[in-house]
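# Remarks on the overall topology
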Amino acid sequence: MIVVMSPNATKENLQNVVKKLESMNLRTHLSTGDERTIVGVIGDKKIIANLEMEMMAGVEKTVRITEKYKLVSRDFHPQDTIIDVDGVQIGGKEIIVMAGPCAVENLEQLREAASAVKKAGAKILRGGAYKPRTSPYDFQGLGEEGLKLLRQVADEFDMKVVTEVVDREDIQLMENYADILQVGARNMQNFQMLKALGKSTKPIMLKRGLSATISEWLNAAEYIMTGGNENVMFCERGIRTYETFTRNTLDLSAVAAVKELSHLPIVVDPSHGTGRRPMVAPMARAAIAAGADALMIEVHPHPEIALSDGNQSLTPDDFQKLMANLGEIAKAVGKTI
Ligand code: PEP
Ligand code: MN
């Protein structure tokens with residue numbers, strides 16, 4: 001439920017509302033807008049069903065929330081959330097680009113990729129150190145050595161690091177190296193890991209599961225937020241459909257859906273979303289037009305010898321060309337890049 005305070009409610013009115021709710025063992029979540037404050041209420045459904053708040057001074061109305069997710073919902077928090085990643089803001093007017101190789105392979109590869117993507121305008125370096133590969137015989141990533149390389153190279157080029165966590169046991173270690181922890185599509189419903197990430201101090205990028213509905217995805221984010229970590233962003237990376245020409249079907253309608261239902265930022269990954277190099281740039285442009293807050297793009301200095309996802313990786317040259325023409329689309333939707 002949410003309690004909507006009237007525009008002229010006093011501080012004391014608000015305190016009394018919060019006090020009453022907390023005295024009934026309910027958790028409150030304040031969202032202060034320009035006009036009015038909204039108090040989100042979470043707790044025992046039976047207690048909430050019998051709540052009478054309209055009589056209290058300063059209360060305009062109460063609204064029942066039927067969806068299971070609350071903290072994630074735009075009803076709870078009407079304004080867009082902006083996540084501060086150590087100085088880089090995701091969810092505001094500026095579209096942020098995360099780019100780099102699928103997997104960290106070695107220092108030279110990572111440096112070449114970082115140097116190119118930074119020059120073209122990316123602010124966040126991506127790269128997997130723990131790779132969730134379909135086959136156990138494929139390259140599984142460099143582990144902690146990969147994390148060290150990511151941190152070293154990102155610092156060298158004044159970039160932030162986003163990298164995937166595949167096991168909750170690794171979270172603490174990864175916090176020493178990464179600025180954003182990525183939950184991959186295959187782990188979107190790893191609820192134990194989501195709960196553990198709720199206690200993390202780092203922002204989380206939650207990729208959409210291979211066949212997850214929007215509602216399942218939003219509920220997965222709620223798992224993280226209920227643990228206390230409010231810095232969650234979504235990442236649309238394509239879903240499984242009957243189409244085989246593309247690796248996945250990039251669901252750009254998810255951008256509009258998430259914007260309608262949630263206040264959290266959304267990133268689009270056209271690399272995994274299509275699996276095909278020629279389609280990455282058009283889909284990156286479309287993502288911005290659809291309202292994405294950020295892009296995640298795989299770039300490899302030599303895609304033909306990449307240890308993973310070479311087919312969908314842009315060359316530094318392709319990436320530079322793409323970045324050069326995103327500005328006009330950003331401008332058309334009231335953003336910058
Ligand atoms: C990745 O970003 O490297 C990755 C493995 O993505 P996904 O979880 O979307 O497949
Ligand atoms: Mn990849």
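The sections below set out a description of the structure shown in this document. Numbers given for residues are sequential positions, taken from 1 along each chain in its written order. Working convention: letters from A go to chains and numbers from 1 go to ligands, in the order in which they are written. Per-residue local features of the predicted model are confined to residues with pLDDT of at least 70, and side-chain atom pairs are confined, for both listing and counting, to 80 or more; whole-chain, interface and lining totals are unaffected and use all residues. The side-chain figures draw on all heavy atoms in the structure; neither hydrogens nor water molecules are used.

## Some remarks on the side chain of Gln-312
- Secondary structure counts use DSSP, requiring at least four H or I residues in a row for a helix and at least two E residues in a row for a strand, with both numbered from the N terminus. Assignment of secondary structure puts Gln-312 in the loop between β14 (294-298) and α11 (316-324).
- Within 3.5 Å is the distance limit for a polar contact, defined as a pair of N or O atoms, with the added protein rule that one can donate a hydrogen and the other accept it, and that residues adjacent in sequence qualify only through two side-chain atoms. A distance of 2.8 Å separates the side chain of Gln-312 from the side chain of Glu-298, its partner in a polar contact.
- In this structure the side chain of Gln-312 is engaged in a polar contact, spanning 3.2 Å, whose partner is the side chain of Asp-309.
- Note on definitions: a residue-residue contact is assigned when non-hydrogen atoms from the two residues lie within 4.5 Å. Setting aside anything within four residues of it in sequence, one finds Gln-312 in contact with Arg-247, Ser-271, His-272, Gly-275, Arg-276, Arg-277, Val-280 and Glu-298.

## Looking at the coordination of the manganese ion (ligand 2)
- In this description, a donor is an N, O or S atom within 2.8 Å of the metal centre, a cutoff extended to 3.2 Å for sodium, potassium and calcium. Water is not part of the atom list, which can make sites seem incomplete. Protein-derived coordination of the manganese ion (ligand 2) comes from Cys-102 (SG), His-272 (NE2), Glu-298 (OE) and Asp-309 (OD), at a distance range of 2.0 to 2.3 Å.
- Considered as a linear motif, the donors of the manganese ion (ligand 2) on their single chain read C-x169-H-x25-E-x10-D. Of this pair, Cys-102 sits in the loop between β7 (96-100) and α3 (107-120) while Glu-298 sits in strand β14; the two residues are 196 residues apart in sequence, bridging distant segments of the chain.
- Assessed through its relative accessible area of 1%, Glu-298 is described here as buried. Exposed residues in this analysis have more than 50% of their type's maximum accessible area, buried residues have under 20%, and partly exposed residues fall in between, with area computed by a 1.4 Å probe over protein chains only.

## Description of the sheet that holds strand β4 (residues 59-63)
- In this analysis, strands are considered paired if DSSP registers two or more bridges between them. An order of β2-β3-β1-β4 is seen for the four strands of this open sheet, with the pairing classed as antiparallel. This sheet does not close on itself; its edge strands, each paired only once, are β2 (27-32) and β4. Put simply, the sheet's adjacent strands are angled 20° from each other on average, direction ignored.
- In this structure, β2 lies alongside strand β3 (residues 37-42), joined through six bridges in antiparallel fashion. Residue pairing for β3: Thr-28 is matched across the bridge by Val-41. Only the stretch in contact is used when fitting a helix axis, every axis being a line fitted to C-alpha atoms; angles between N-to-C directions are given from 0 to 180 degrees.

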